[in-house]
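# Structure assessment
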Amino acid sequence: MHKSIRFKLFLTFLLTTSLVVSGMYVFMRWSLDRGFSDFIEKRQQERISALIEGLSEYYADDPGWRELTGNKRKWMELLGQAYEHRYYRPAPWFKQALNEPPDVWPPALPESHKSWRFKPLELSVMLLRADKSIIFGRREALSQLTLHPIRYQGQTVGFLGVLPGKPVNQPLELQFMERQSQAFVWIAIFMVLLSAGLALLLAYTLVRPLKRITAAAKALAVGSYDMRLPVESGDELGQLARDFNEMAAALEQSEQTRRRWVADISHELRTPLAVLRGELEALQDGIRPLTRDAVDSLMNDVMRLHRLTDDLYQLSLSDQGALSYRKIEVDPVAVLKQDLAALAPEFDSKQLRVHLTNKLAAAISIHADPDRLSQLYRNLLNNSINYTDRGGQLDITVSQQAKKLIMVFADSAPGVPSQELPRLLDRFYRVESSRSRHHGGAGLGLAICSNIVQAHNGALQAQPSRLGGLAIHIELPIKS
């Protein structure tokens, strides 16, 4: 049978509280019994002392106990003097004791009082002469007595014998104990019921945010990425709500990126395909003759599609970390010089001046893949070739800061507006609004460069160039 977490919490709280209440009840009952027993014993000693003093005073008027012998009524009056008079009430068995023979003492408890755990004091004492002969008492109980001497003028004139047990000397005290025991039971029952109510309230309060999180997770599973949870506390549940909101925001951003990615890919593919389709239809309709120039134009459109799909493939591999990196110890400046030499004819055709400033005191090596490093350099160099105005300039500076290699590629106009710089590394982002591939690439080059640098534990940033164009700032770790 499935049990909800609310029921489990309620049951846990209830059982815990019930155990605490039960333990408190047992401890309080034990403490009351022990304290009451100590109180009774102390009171008993006081009353025994008072009874012995009263019997000593009585002996002055009745030497030898002659008048007291056989006078059960007088004996019971002397017993009554051991109590504070305003609290003393004659016990219901006194009449029964008067009707019994003088040698029958103490009298038996009535049937209605035999369930009492304690004996009253007057049913626990016997009176003996100095020679320990019985005045009031039972002979068979002599061996059980604790004898307290009764002295008069320095001489022992008799003994007060006390039977063993835990006596009380007033029925009201017994009734008090019974009432306290019943009160403890009712208090325990009330506390258990109260704890059940509190446990139910606590279980509801704790489970409510969990139910909200469950509902939000289900909504997130069906694509409602705008779902957010209120953060109502600073505890673990509040932290869980904050983490959920951050996860939902990340999924929402990822979904928006995916949709933008699909839209951008569709747009980038649709434009060259539309051009290619138009040229082919013109050839089919005879509007344009099938000449070498027409074939070259079609070939150029196909190559642009090939470059686009290749860029997409490279970017998807770098995003997934699937690009193969064969890292070795390599001199990054030497690789850069080789790429500059390879692209020198293209720089010359556009009349672009290239200046390489090497501020390194000595040659250094980094742990990198030379092929991916060359891909990084060529993407940046091709960007300058494609976007820098004819007759412009490209300055490349290489320096070292602490354990980092710093490389800056700064070209001349045109520049990039400062508000566009944060988005320059986004996929398919180009500053010109026409989005025409005839003015440059698909806007994937810098995204691929950023992934390559990150794969080498470095960082890439786009900044304004002091020459009026764009500066790409690269940091790569140097081998220790």
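Each value, and the rule that gives it
- Residues numbered from 1 in each chain as written.
- Predicted model: local features only at pLDDT ≥ 70, side-chain atom pairs only at ≥ 80, totals over all residues.
- Heavy atoms only, no water.
- Axes fitted to C-alpha atoms, helices over the stretch in contact; angles between N-to-C directions.
- Helix = DSSP H or I, 4+ residues; strand = E, 2+ residues; numbered from the N terminus.
- Parallel < 35°, antiparallel > 145°, perpendicular 65-115°, else oblique.
- Left-handed = near helix turned anticlockwise from the far one by under 90°.
- Contact = heavy atoms within 4.5 Å.
- Nonpolar A, V, L, I, M, F, W, Y, C, P; charged D, E, K, R; others polar.
- pLDDT = per-residue confidence, 0-100.
- Pairing = 2+ DSSP bridges.
- Salt bridge = Lys/Arg side-chain N within 4 Å of Asp/Glu carboxyl O.
- Buried < 20%, exposed > 50% of the residue type's maximum accessible area, 1.4 Å probe, protein only.
- Patch = residues over 30% accessible without salt bridge, like charges linked within 9 Å, V, L, I, M, F, W, Y side chains within 5 Å.
- Areas by Shrake-Rupley, 256 points an atom, 1.4 Å probe, with all protein chains shown as cover.
- Core = buried A, V, L, I, M, F, W, Y, C linked by side-chain atoms within 4.5 Å.

It is worth spelling out the packing of helix 9 (residues 370-387) against helix 10 (residues 445-455) at this point. Interaxial distance between helix 9 and helix 10 falls to 10 Å at its minimum, and their mutual angle equals 150°. The angle between helix 9 and helix 10 places the two elements in the roughly antiparallel class. Of the two possible hands of crossing, helix 9 and helix 10 adopt the one that is left-handed. Residues R372, Q375, L376, N379, L380 and N383 of helix 9 touch helix 10, and the partners they reach there are G445, L446, I448, C449, I452 and V453. For the contact of helix 9 with helix 10, the residue count by class is seven nonpolar, four polar and one charged.

Residues at a pLDDT of 70 or more form 80% of the chain, whose mean pLDDT is 78. The model gives residues 84-89 a pLDDT under 50, and that stretch makes seven contacts with residues more than four places away or in other chains. Contacts from residues 433-440, a stretch scored under 50 in pLDDT, to residues over four places away or in other chains number 17 contacts.

Further remarks concern the sheet that holds strand 2 (residues 134-136). Within the open sheet, the four strands sit side by side as 2-1-4-3. Their pairing is antiparallel. Only two strands of the sheet have a single partner each, and these edge strands are strand 2 and strand 3 (146-152). With strand direction ignored, the average angle separating the axes of adjacent strands in the sheet is 35°. Across seven bridges, the pairing between strand 3 and strand 4 (residues 155-162) is antiparallel. Each residue of the ladder has a partner; that of T146, found in strand 4, is V162. In the packing of helix 2 (residues 72-80) onto the sheet, the strands contacted are strand 1 (125-129), strand 2 and strand 4, and the crossing angle to strand 1 comes to about 115°.

The next subject is the pattern of salt bridges. Following the criterion strictly, the structure yields five salt bridges and no others. A salt bridge links R277 to E281; the shortest N-O distance between them is 2.9 Å. Here E281 and R277 lie together in helix 5 (residues 236-284), a separation of four residues that amounts to about one turn. Between D395 and R466 there is a salt bridge, with the nearest N and O atoms lying 3.2 Å from each other. With D395 in strand 8 (residues 393-401) and R466 in the loop between strand 10 (459-464) and strand 11 (468-477), this residue pair connects regions lying 71 residues apart in the sequence.

Turning our attention to the pairing of strand 9 (residues 404-412). Where burial is concerned, most of strand 9 is hidden: seven out of the nine residues are buried. In terms of strand pairing, strand 8 meets strand 9 through eight bridges, oriented antiparallel. From the neighbouring strand, I396 faces strand 9, where its bridge partner is F409. Pairing between strand 9 and strand 11: eight bridges, direction antiparallel. Across the sheet, residue S412 finds its bridge partner in strand 11, namely G468.

With respect to the element layout, Y152 can be found in strand 3. Y152 sits in the partly exposed class, given a relative accessible area of 26%. Note: C-alpha distance between Y152 and A60 (92 residues apart in sequence) is 7.5 Å. Here Y152 is in contact with S56, Y59, A60 and V157, once residues within four sequence places are set aside.

What follows deals with a nonpolar patch on the surface. Together, I187, F190, M191, L194, L198 and L201 make up a nonpolar patch on the protein surface, roughly 570 Å² of accessible area in all. Structurally, F190 is set in helix 4 (residues 171-221).

Formed by 39 residues in total, the largest nonpolar core has its most connected members in L376, L405, F409, I472 and I474. Listed by contribution, the elements that provide at least two residues to this core are helix 7 (332-342), strand 7 (366-368), helix 9, strand 8, strand 9, helix 10, strand 10 and strand 11. A per-element tally of this core places helix 9 first, with six residues. Sequence-distant contacts of I472, that is, excluding residues within four places in its chain, are made with L380, M407, V408, F409, L446, L460, Q461 and A462. Residues I48, I52, L78 and V157 belong to the second largest nonpolar core, which totals 19 residues.

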